[in-house]
Amino acid sequence: MSDAVKAIFQRSVDALNELSGRIRGDVRADRLSRALYSTDASIYQMTPAGVVLPRSVEDVCETLRAGARHGAPITARGAGTGLAGGAVNVGIQLDCSRYLNRIVAMDAARRMAIVEPGVVLDELNAALAPMGLHVAPDVATSSRATLGGMIANNSCGAHSVLVGRTVDHVLALEAVLSDGSVARWGEAAALAELERTRGPIPPSRLADDAERSLSGIANEFASEIAARYPKVMRRNGGYALDRLRTDGERVNVETILCGSEGTLAVVTAAVLKLTPLPACRGLVVAHFSDLLDSLAATPVCLEHGPAAVELIDKLILDAARESRHGAARDRLIEGDPRGILVIELYDESVERLNERLQGVAGDLRRRGMGYAWPVVIDAAHQAGVWNLRKAGLGLLMSRPGERQPYDFVDDCAVDPARLRDFIARFMVVLREEGVEECSYYAHASVGCLHVKPVLNLRRLSDVRRMVRVADRISALTLEFGGAFTGEHGDGLVRSCWLERMFGPALVGAFARVKAAFDPGNILNPGKIVSPLGMADNLRWRPVEDEASGEGADGPARGHVAHRPVELTVLDFSAHGGMAGLAEMCSGVGQCRSRLVGTMCPSYMATGDERDTTRGRANALRLALGDHGLLHGLDDPALDEVMDLCLSCKACKTECPTGVDMAKLKAEWLRRRNEHVGVPWRSRAVAAMPSLSKWMSVAPGFANAVMQSRLTRAAMERFIGFDRRIAPPRLAKQTFRAWWRRRAGRGGPWRGESDARVADGGEVVYFVDTWTNYYAPQVGVAAVRVLEALGCRVRVVDNVCCGRPAISKGLLHEASQLAERNIALLAPFAELGVPIVGTEPSCILTFGDEAPQLLRSSAARQVARHAMMIESFLSRRSDALRRLAPAERPRILYHAHCHQKAMPGSTAAMAALGAVCDAAEIPSGCCGMAGSFGHEVEHYDVARAIGEQRLFPAVRGSDGARVAVSGFSCREQIAHHTDRRPVHLIEIIAEQIADQPPCDIVARK
């Protein structure tokens, strides 16, 4: 740390100490918070002195006043999804996303909304949808992007050719200036609404002076502005002096705040223009054998008045094939294109829309542009295309290893008519600089390119190559009359090239604008004005190539001295160790989404960055690297960041780069257990299979004892299980006891000679702990359904799958259990016999952890044949349909998190749909997650997780039965709602059986 940075740090600490106790918001200066806010989605890392999470405008004012008094830099931050490093800095981070996230007002008649800066775009649009309105800019990160961040970057999105940029939808802004005063700028009607809803504000001398300075600067540099600003729509570099009005009307200061990256003021409220939702929309997905040919087709597409023209290249398409988007990719993409153009049209009628879409496809076909032009009208298929496009960045970063596609020349914008020639020249530069691999995707309709060269920025040679490429591409962009900053901001990565783009006179003007608003230079310094170096403050400490024994042009194999590979029980070899998997986090923040998906359940409940997958991955990355902030896997800060991880595994597939935090947490817990000992509660959870066996000898007595107030109070005090939620009740008879007695009575419930269904072959039913001791009726139903399909059911003497032990980091114990089970199941797997289970987390252990624990061919063979019973039944849905009665009950289905993360819920819905009228609840996690919801310190968070989407849907099920595969999910729903869900196999059994359900459960 240099002397200058040390001085900034101390001034910032002084300001934070002053703020602590003075403001209502949170003031954090602990190592973990500093670590989590040291990065965003860019290639940069700068460690702040602390973080302020304001709860009010006055908190923001106090923070800026303290910063001004102490000379402490303050950087406002939204979701931290920026790619240019605009949200990282030394000093104080001001996170407006946690508390300043109210939708203040929505006025459909006047088509305006007032929001605080932390409101997420998709959440605002979800609230506006019933009115038929939306905020039109649609950034790829819309599920977590905050409006404050979009204003700071002047974000655009795929449809900017039609709807423009964020600035075009801002009617007025309220902002706090560097002296802590509040100012408002905008249209008169919007300003009146701000005053009505938020009250009047006192005059600000700094605001008046800044406004006068802006007017003078704009007039003084008018000719230079006209000559030097790029004549393309996507231009976000520097300050937008070209947007200022100085013709006698009011100075439209709000337009220059858009895109200023928090260097001039901190936005605390915005009045936004609302536009009607499109009536009808459709796509043409044009396929091209050559990337440049696709770009050459863009002007032709623009002749048809599209809402969007998006380029996706082969690198993204290939990455999608291996991801959860693979099915959509295979369904929508024909052949092996080098690039596709997604051309979207809007219209008022389906007939007119289809006519125009066919016109686009026909025009391209006649001109010989492309080789396939499917028209996509189906809404689900359209969503699949756009999801693939939005996931592009994450998909690119999902490749293991140190060579990654990086954002540093990713934001060039040129005239769309010159796009093909520009990229051709771009490719020459990359080839001459030795960049062998690169990804291209683009908002082709407005000529904005997201080009991501593949480099290894842990090598100094590639860092130097990065700077050379940026130097040459900035010059190339200027030659083409384009903008080097199209939409992602200047930040740390592009500010240093502004003088080339705008010339010294305008750069001097930028400095005067900055000084007018922020005379103390405390607001996000080092961006736009007086920029830091492009290669400074990288996430990594690059080393000379010789340190890893490589030549300058040799392949990247990693740097052992920089990042030692840890000895682990689970297999991390594909990523080079735990650190390699943690470093897969690209920072794009998908784990901050709240309206869709399951990741990350605890963040959805708390809204705290430390509860995101990104936060945990960053903490592990810093702890395992040589960053001087967190120190190894034994650092106590990791206890805090890992505490609310439910090991739901949603990140395994929902994280665009596949950061499997459940796996990382299990290995971290194993390490912690070995160093500080295994907590009693962890021992108790892992021992549940054995304890259940002994208690099942006298289930009535055991239930009476375990359900008593005295026992529950004792468990809360001594073990930490919350007394408010009762332990599960043992059944009157175990499934295995039922199975043995049934075998003694002479065989299956329905004879194998039943002629209604063809022979289904042999099936092994894996009996899990929860089904055997607590929900045997589920196992009975499974057997009845399998035999109704003509299957010969085998039950083996397996032991626990090891899931409870894995969840508590007892990986050696889990390995021993896995060895015993694999020895029993491998002979069946070798014969191709399906191994089915009814408890998702248990049977899916064989497909996920068991092969990693044992690393044997037998474990991999079992993994290929082990499946949830829903997967087995979905392949026999026609047979189920023939057995089912005509009357179809209405069912709502909730899928277990592990099920969503791995096989998905499609098979379950197919099996249920064969016998019922079934709909899936668009729910996240239930919050129970094994023992998590029972633990006293987690009970309230677990309930809050369920209340996000699941519990309201269950309560509003309006007479429909609720089907749930997971035992813990059923317990959680029953505890927090008035409904008692059942396993889907029970419903299927009721539909196709001739006998009533088996009642061998101890009812409450």
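Up top you'll find the structure we're talking about.
These remarks concern the structure in this document. The structure presented is a predicted model; accordingly, all values stated were derived computationally and were not measured.

Another aspect to go through is the overall build of the chain. Tallying secondary structure elements over the chain gives 47 helices and 26 strands in all. For the chain, whose C-alpha radius of gyration is 30 Å, the value lies close to the compact-globule estimate of 30 Å for 1004 residues. Along the longest, intermediate and shortest principal axes, the C-alpha atoms of the chain span 100 × 70 × 65 Å. Buried residues in the chain amount to 63% of all 1004 residues. Surface exposure of the chain reaches about 36,100 Å², of which carbon and sulfur atoms provide 51%. Averaging the locations of the 121 positively and 118 negatively charged side chains of the chain gives two centres separated by 5 Å.

Read from one edge to the other, the open sheet built from five strands follows the order 5-6-10-8-9, with strand pairing classed as antiparallel. Both outer strands of the open sheet, strand 5 (103-107) and strand 9 (182-186), are each paired with one neighbouring strand and no more. In this sheet, adjacent strand axes meet at a mean angle of 10 degrees when their direction is disregarded. Relative to strand 9, strand 8 (residues 170-176) runs antiparallel, the two sharing five bridges. What sits directly across from Val176, in strand 9, is Val182. Here helix 4 (residues 121-128) sits on the sheet and contacts strand 5, strand 6 (112-115) and strand 10 (266-273); the angle it forms with strand 5, its principal contact strand, is near 40 degrees.

Within the structure shown, the criterion is met by four cavities of 30 Å³ or more. Roughly 170 Å³ of volume is contained in the largest cavity. Among the elements that make up the lining of the largest cavity, the one with the highest residue count is helix 21 (residues 498-517) (three residues). Tallied by class, residues from the lining of the largest cavity come to 11 nonpolar, seven polar and five charged.

In this section: the nonpolar core. Membership of the largest hydrophobic core comes to 117 residues, with the highest contact counts inside it found for Leu241, Leu341, Phe408, Ile423, Phe426 and Phe517. For this core, the element with the most residues is helix 21, which contributes nine residues. What Leu241 contacts, discounting residues up to four positions off in sequence, is Leu214, Ile217, Ile225, Tyr229, Ile256, Leu506, Ala509, Phe510 and Val513. Judged by nonpolar contacts, the second largest core, of 74 residues, contains Ala702, Phe735, Val780 and Val862.

Moving on: the environment of Val569. Note that Val569 resides in the loop between helix 21 and helix 22 (578-582). In the structure, Val569 is positioned 56 residues away from Val513 in sequence and 57 Å away in space, judged by C-alpha atoms. In contact with Val569, other than residues within four places in its own chain, are Glu667, Arg670, Leu811, His812, Ser815, Gln852, Leu853 and Arg855.

Further remarks concern the packing of helix 32 (residues 735-744) against helix 34 (residues 776-788). As a packed pair, helix 32 and helix 34 sit with axes 8 Å apart at the nearest point and diverge in direction by 45 degrees. One way to sum up the angle between helix 32 and helix 34 is to call them oblique. Within the contact between the two elements, helix 32 uses Phe735, Trp738, Trp739 and Arg742 and helix 34 uses Pro776, Gly779, Val780, Val783 and Glu787.

The next subject is the pattern of salt bridges. Under the counting rule described, the total for this entry stands at 73 salt bridges. The salt bridge partner of Asp26 is Arg55, with a shortest N-O separation of 3.9 Å. Taken as a pair, Asp26 in strand 1 (residues 26-28) and Arg55 in the loop between strand 2 (50-53) and helix 3 (57-70) lie far apart in primary sequence, 29 residues in all. On the basis of relative accessible area, Asp26 is assigned to the buried category, the value being 18%. The residue Arg196 makes a salt bridge to Glu193 at a minimum N-O spacing of 2.9 Å. With Arg196 and Glu193 both in helix 7 (residues 188-198) and three residues apart, this pair spans about one turn of that helix. Salt bridges here are not isolated pairs; linked through shared partners, they connect Asp26, Arg28, Arg55, Arg98, Asp608, Arg610 and Glu640.

Turning our attention to unusual backbone geometry. Glycine aside, residues mostly have negative phi angles, and peptide bonds mostly take the trans form. Met599 connects to Cys600 through a cis peptide bond whose omega is -5 degrees. With respect to the helices and strands, Cys600 occurs in the loop between helix 22 and helix 23 (601-606). Phi at Arg111 takes a positive value of approximately 55 degrees, unusual for a residue other than glycine. Even without a glycine there, the phi angle at Ala929 is positive, about 50 degrees. With respect to the secondary-structure elements, Ala929 resides in the loop between strand 25 (917-920) and helix 44 (939-948).

This brings us to helix 36 (residues 811-830). Along helix 36, the sharpest change in direction is near 35 degrees and occurs at Leu824; proline Pro827 comes one to four residues later. Taken together, the buried positions of helix 36 are Leu811, Ala814, Ser815, Ala818, Asn821, Ile822, Leu825, Ala826, Phe828 and Ala829. Just beyond helix 36, the residue with positive phi is Gly832, at close to 80 degrees.

One pass over the structure, following the stated rule, counts 14 aromatic pairs. On the numbers, 5.4 Å between centres and 75 degrees between planes, the contact of Phe502 with Phe510 is edge-to-face. Of the two residues, Phe502 and Phe510, neither departs from the other in class, the shared state being buried. Ring geometry for Phe735 and Tyr765: centres 5.6 Å apart, planes at 80 degrees, overall edge-to-face.

Conventions we followed
Residues numbered from 1 in each chain as written. Predicted model: local features only at pLDDT ≥ 70, side-chain atom pairs only at ≥ 80, totals over all residues. Heavy atoms only, no water. Helix = DSSP H or I, 4+ residues; strand = E, 2+ residues; numbered from the N terminus. Rg over C-alpha atoms; globule rule 2.2 N^0.38 Å. Buried < 20%, exposed > 50% of the residue type's maximum accessible area, 1.4 Å probe, protein only. Areas by Shrake-Rupley, 256 points an atom, 1.4 Å probe, with all protein chains shown as cover. Lys, Arg positive; Asp, Glu negative; His and termini not counted. Charge placed at Lys NZ, Arg CZ, Asp CG, Glu CD. Pairing = 2+ DSSP bridges. Axes fitted to C-alpha atoms, helices over the stretch in contact; angles between N-to-C directions. Contact = heavy atoms within 4.5 Å. 1 Å grid on protein atoms, 1.4 Å probe; cavity = no way out; pocket = protein on both sides within 12 Å on 5 of 7 lines; lining within 4 Å. Points joined across faces, edges and corners; volume = space filled by probe spheres on them. Nonpolar A, V, L, I, M, F, W, Y, C, P; charged D, E, K, R; others polar. Core = buried A, V, L, I, M, F, W, Y, C linked by side-chain atoms within 4.5 Å. Parallel < 35°, antiparallel > 145°, perpendicular 65-115°, else oblique. Salt bridge = Lys/Arg side-chain N within 4 Å of Asp/Glu carboxyl O. Bend = angle between axes of the 7 residues up to and from the residue. Phe/Tyr/Trp six-rings, centres within 6.5 Å; stacked < 30°, edge-to-face > 60°.

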